[in-house]
Amino acid sequence: MSGSFRFSISLSPLHSNEFPRIPVTKPRIHVPVPKPMAVALAKVVSPLRVAAPGVMVAAAGLEVDRVTEAELKENGFRSTRRTKIVCTIGPRTCEFEEIEALAVGGMNVARVNMCHGTREWHRDVIRRVRQLNEEKGFAVAVMMDTEGSEIHMDDLNDAESAKAEDGQIWTFTVRAFDQPSRPERTITVNYDGFAEDVKVDDELLVDGGMVTFVVIEKIGPDVICRCTDPGLLLPRANLTFWRNGSLVRERNAMLPTISSKDWLDIDFGIEEGVDFIAVSFVKSAEVIKTLKSYIIDRSPGSQIGIIAKIESIDSLKNLEEIIRASDGTMVARGDLGAQIPLEQVPLVQHEVIQLCRQLNKPVIVASQLLESMIEYPIPTRAEVADVSEAVGQQADALMLSSESAMGQYPEKALAVLRSVSLRTEKCRREEKHWDVTDLRIVSSSKLDEISEEICNTTSRMANKLKADAILVYTKTGRTASLLSRNRPDCPIFAFTPSTSIQRCLNLEWGLIPFRLDFSDDMESNLNLTFSLLKARAMIKSGDLIIVVSDVMQSIQAIKVP
Ligand SMILES: Nc1ncnc2c1ncn2[C@@H]1O[C@H](COP(=O)(O)OP(=O)(O)O)[C@@H](O)[C@H]1O
Ligand SMILES: C=C(OP(=O)(O)O)C(=O)O
Ligand SMILES: [K+]
Ligand SMILES: [Mg+2]
């Protein structure tokens, strides 16, 4: 392998206002499209603009998210949003037009939560997202989130909610009921060992304490409880029980991370070609590895990314291994807050974000970012501060749950995430604390280590030269991720031949992913890209661009001709 890579920083001497640039094929604006590509473009692309006889410049042929394109045209690329947004699709947002409205509002990833709804419902949603991408030029990725096998209540026989009042007596049972025969104030629990595991005087917390009960009596399969903190019980709410101030982990700690139902959902996700599978209540790296090998076996060559949800005590014990094994992580603050004291949640969030950055894995901050917007059109000041904090910590993505799934103002909530992100990111850039964080080396081979160093240097260089953008040509997406990891000041245009990698890169901080068939000849790639981008008014002459690729290990600084 040695000698098979080339390392060159191609920089010609800098004269006053001149920027170094690579030699451009003459004539400069007329880009000869290589024959196979011309054929490929002719198939997908219309209209083609004929620039000179025998020379075609594609006006499209470069596929990028429609909203990003509009944003770029309007504001120039310095001001594009770097923090990505994941929206949970639920009953409030599952129609085609509603999903489209979210995509227009800046949703990068659509999440479906397999805890709720039927597979048919999810299939329709996933297909609508795909259709939206194909018909309207979006690159929204799809994330399927598994149910996991923690303890939760049943679906309340399809009631939207049930109110538990202070002092009321409720029964939690492992018996199942048919709808008409369900006794009042009775809730079925999904875990068969529940009635055996709890003890009188245990505290039963619904959704981490939104409603609290105390166990007063056990009668066979029934656990009789008194409500001590009243509130709304929501379908399939999570349940934890506490004894003497500690979370009780009896046999429920032995429940499998991926249940038999989850495996069926995973098969379904693979069949539907989802981009990410988020695994709930991950306890160890093993389960991630098992799932990955299952997917490779089931669907060789598939690009499905596995997101480890950090939401249990066990996940915290094995944090680094879990993150290493995954393709990304979610700080799932909802359940996490039910398993550890609330005051620790922000500290864990910070730690996970730092660790993910070190290990080069995208990280999503999830749950209750804008909880009040389920009901109200504006967020609380505290919520805005929370969002701003996550953006300031430079998480890759923020996630909406109920706010977009069943809240009254999904688009407004999305707009808040967007504007708070933009404002906070701008402020961070203006503070000009160029990131001097010592990033650990994550590569396991010398070749990879070289691309890592190239990406670190590129980012530093882009910041110092105040470059307008970094362009990266990447077949696997890795070089793009390594650049994103540096959180440079300018946006990163990532070109990849694969639509599924394009969608996956949509989760990562600061990346603007394009789908493009490129060759091993960097010079013709650049010429092609410049003319495509210029034809769409996405860059202009004089912009300073830094270029890297995993085709050729080099850094080039170019002033757009
Ligand atoms: N596919 C769906 N069908 C029905 N309701 C859903 C669906 N997805 C989400 N919801 C609703 O949105 C809420 C918030 O979604 P999410 O945060 O994903 O779930 P949970 O709160 O159960 O962890 C859920 O509690 C549920 O009421
Ligand atoms: C995102 C979370 O998981 P879910 O919504 O599936 O419970 C969470 O617990 O914060
Ligand atoms: K879930
Ligand atoms: Mg959860």
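Residues numbered from 1 in each chain as written. Chains lettered and ligands numbered in written order. Predicted model: local features only at pLDDT ≥ 70, side-chain atom pairs only at ≥ 80, totals over all residues. Heavy atoms only, no water.

Visitor: Could you give an account of the packing of helix α6 (residues 260-272) against helix α7 (residues 285-298), naming the residues involved and the relevant values?
Guide: Where α6 contacts α7, the two axes come as close as 11 Å, and the packing angle between them is 45°. If you check the angle between α6 and α7, you find them oblique. Judged by the twist between their axes, the crossing of α6 over α7 is right-handed. Seen from α6, the contacting residues are W263, I266, D267 and I270; seen from α7, they are L291, Y294, I295 and R298. For the contact of α6 with α7, the per-class residue count stands at six nonpolar, no polar and two charged. (Axes fitted to C-alpha atoms, helices over the stretch in contact; angles between N-to-C directions. Helix = DSSP H or I, 4+ residues; strand = E, 2+ residues; numbered from the N terminus. Parallel < 35°, antiparallel > 145°, perpendicular 65-115°, else oblique. Left-handed = near helix turned anticlockwise from the far one by under 90°. Contact = heavy atoms within 4.5 Å. Nonpolar A, V, L, I, M, F, W, Y, C, P; charged D, E, K, R; others polar.)

Visitor: Before we move on, can you summarise the site of ligand 1 with the specific residues and values?
Guide: Among the 13 residues in the neighbourhood of ligand 1, the closest are listed as R111, N113, H116, S402 and M406. At 2.9 Å from an oxygen atom of ligand 1 is found a side-chain nitrogen or oxygen belonging to R111. Contacts to ligand 1 include S401, whose side-chain N or O atom sits 3.5 Å from an oxygen atom. For ligand 1, the accessible surface in isolation is 530 Å², of which the surrounding protein chains cover 77%. Elements with a minimum of two residues in the shell around ligand 1: β6 (109-113), α4 (119-136) and α13 (402-405). Counted by class, the shell around ligand 1 contains five nonpolar, seven polar and one charged residues. (Near = heavy atom within 4 Å. Polar contact = N/O pair within 3.5 Å; in protein donor to acceptor, adjacent residues only side chain to side chain. Areas by Shrake-Rupley, 256 points an atom, 1.4 Å probe, with all protein chains shown as cover.)

Visitor: Describe the sheet that holds strand β10 (residues 186-188), naming the residues involved and giving the relevant values.
Guide: Taken together, seven strands build an open sheet; the order of strands is β10-β9-β13-β12-β11-β15-β16 and the sheet is mixed. Edge positions in the sheet fall to β10 and β16 (246-247), since each of these pairs with one other strand and no more. As judged from the five bridges shared by strand β9 (residues 169-173) and strand β13 (residues 222-229), these two strands associate in the antiparallel manner. Bridge pairing links T173 to D222 in β13. (Pairing = 2+ DSSP bridges.)

Visitor: Go over the pairing of strand β19 (residues 328-332) with me, naming the residues and quoting the values.
Guide: Of all five residues in β19, five are buried, a share of seventy percent or more. Burial along β19 is two-sided: G328, M330 and A332 and T329 and V331, pointing in opposite directions, are all buried. Where strand β18 (residues 305-310) lies against β19, four bridges are found, and the strand directions are parallel. Bridged to K309 within β19 is M330. (Buried < 20%, exposed > 50% of the residue type's maximum accessible area, 1.4 Å probe, protein only.)

Visitor: I'd like to hear about the coordination of the magnesium ion (ligand 4), residue by residue, with values.
Guide: Reference values for angles at a metal are 109.5 degrees in the four-donor tetrahedral case and 90 or 180 degrees in the six-donor octahedral case. Around the magnesium ion (ligand 4), the protein contributes the donor atoms E311 (OE) and D335 (OD), which lie 2.0 to 2.1 Å from the metal centre. The metal-metal distance between the magnesium ion (ligand 4) and the potassium ion (ligand 3) is 5.3 Å. Here E311, found in the loop between β18 and α8 (313-317), pairs with D335, found in helix α10 (residues 333-339); they are 24 residues apart in sequence, far enough to count as distant. With relative accessibility at 1%, the residue E311 sits in the buried group. (Donors = N, O, S within 2.8 Å, 3.2 Å for Na, K, Ca; no water.)

Visitor: Before we move on, can you summarise the layout of surface pockets with the specific residues and values?
Guide: Its boundaries defined by the atoms lining it, the second largest pocket holds a volume of some 810 Å³. Around the second largest pocket, the lining is made up of 29 residues, and of these K292, D327, K361, T476 and S481 lie nearest the centre. Sorting the residues of the lining of the second largest pocket by element identifies α7, β18, α16 (478-485) and α17 (499-505) as the ones contributing at least two each. Its residues assigned to classes, the lining of the second largest pocket shows twelve nonpolar, ten polar and seven charged. Residue-level mapping places the lining of the second largest pocket at the junction of two domains, with at least three residues from each of domain 1 (8-61 + 435-559) and domain 2 (85-144 + 262-428). (1 Å grid on protein atoms, 1.4 Å probe; cavity = no way out; pocket = protein on both sides within 12 Å on 5 of 7 lines; lining within 4 Å. Points joined across faces, edges and corners; volume = space filled by probe spheres on them. Domains from an automatic or database assignment.)

Visitor: Talk me through the nonpolar core; I want residue IDs and the actual numbers.
Guide: Membership of the largest hydrophobic core comes to 67 residues, with the highest contact counts inside it found for M107, I277, V352 and L370. Per-element tally for this core: the top contributor is helix α11 (residues 345-358), with six residues. Each residue touching L370, except ones within four places of it in the same chain, is listed here: P379, E383, V387, L400, E403, A413, V416 and L417. Listed in part, the 27 residues of the second largest apolar core include M153, L204, L239 and L255. (Core = buried A, V, L, I, M, F, W, Y, C linked by side-chain atoms within 4.5 Å.)

Visitor: Before we move on, could you go through a negative patch on the surface and cite the residues and values that matter?
Guide: Together, E95, E97, E120 and D124 make up a region of like negative charge exposed at the surface. Its location among the elements puts E97 in helix α3 (residues 96-104). (Patch = residues over 30% accessible without salt bridge, like charges linked within 9 Å, V, L, I, M, F, W, Y side chains within 5 Å. Salt bridge = Lys/Arg side-chain N within 4 Å of Asp/Glu carboxyl O. Lys, Arg positive; Asp, Glu negative; His and termini not counted. Charge placed at Lys NZ, Arg CZ, Asp CG, Glu CD.)

Visitor: Lay out the confidence of the model for the protein chain with the relevant residues and their values.
Guide: Per-residue confidence for the protein chain gives a mean pLDDT of 85; residues scoring 70 or more make up 84%. The ipTM assigned to the predicted complex is 0.97, against a pTM of 0.86. (pLDDT = per-residue confidence, 0-100.)

Visitor: So what about the coordination of the potassium ion (ligand 3)? Which residues, and what values?
Guide: Distances from the potassium ion (ligand 3) to its protein donors, namely N113 (OD1), D145 (OD) and T146 (O), fall within the range 2.7 to 3.1 Å. In primary sequence terms, the donor set of the potassium ion (ligand 3) follows N-x31-D-T. With relative accessibility at 0%, the residue D145 sits in the buried group. The exposure class of T146 is buried, given its relative accessible area of 1%.

Visitor: Any chance you could break down the sheet that holds strand β7 (residues 141-145) for me, citing the residues and the numbers?
Guide: Read around the closed barrel, eight strands run β5-β6-β7-β17-β18-β19-β20-β21, paired in parallel fashion. The mean inter-strand angle of the sheet, taken between neighbouring strand axes irrespective of direction, is 25°. Both strand β20 (residues 363-366) and strand β21 (residues 397-400) contribute to a ladder of three bridges, which runs parallel. Bridging across to β21, I364 finds its partner in A397. Each of β17 (276-279) and β18 touches α7; the most contacted strand, β18, lies at about 160° to it.

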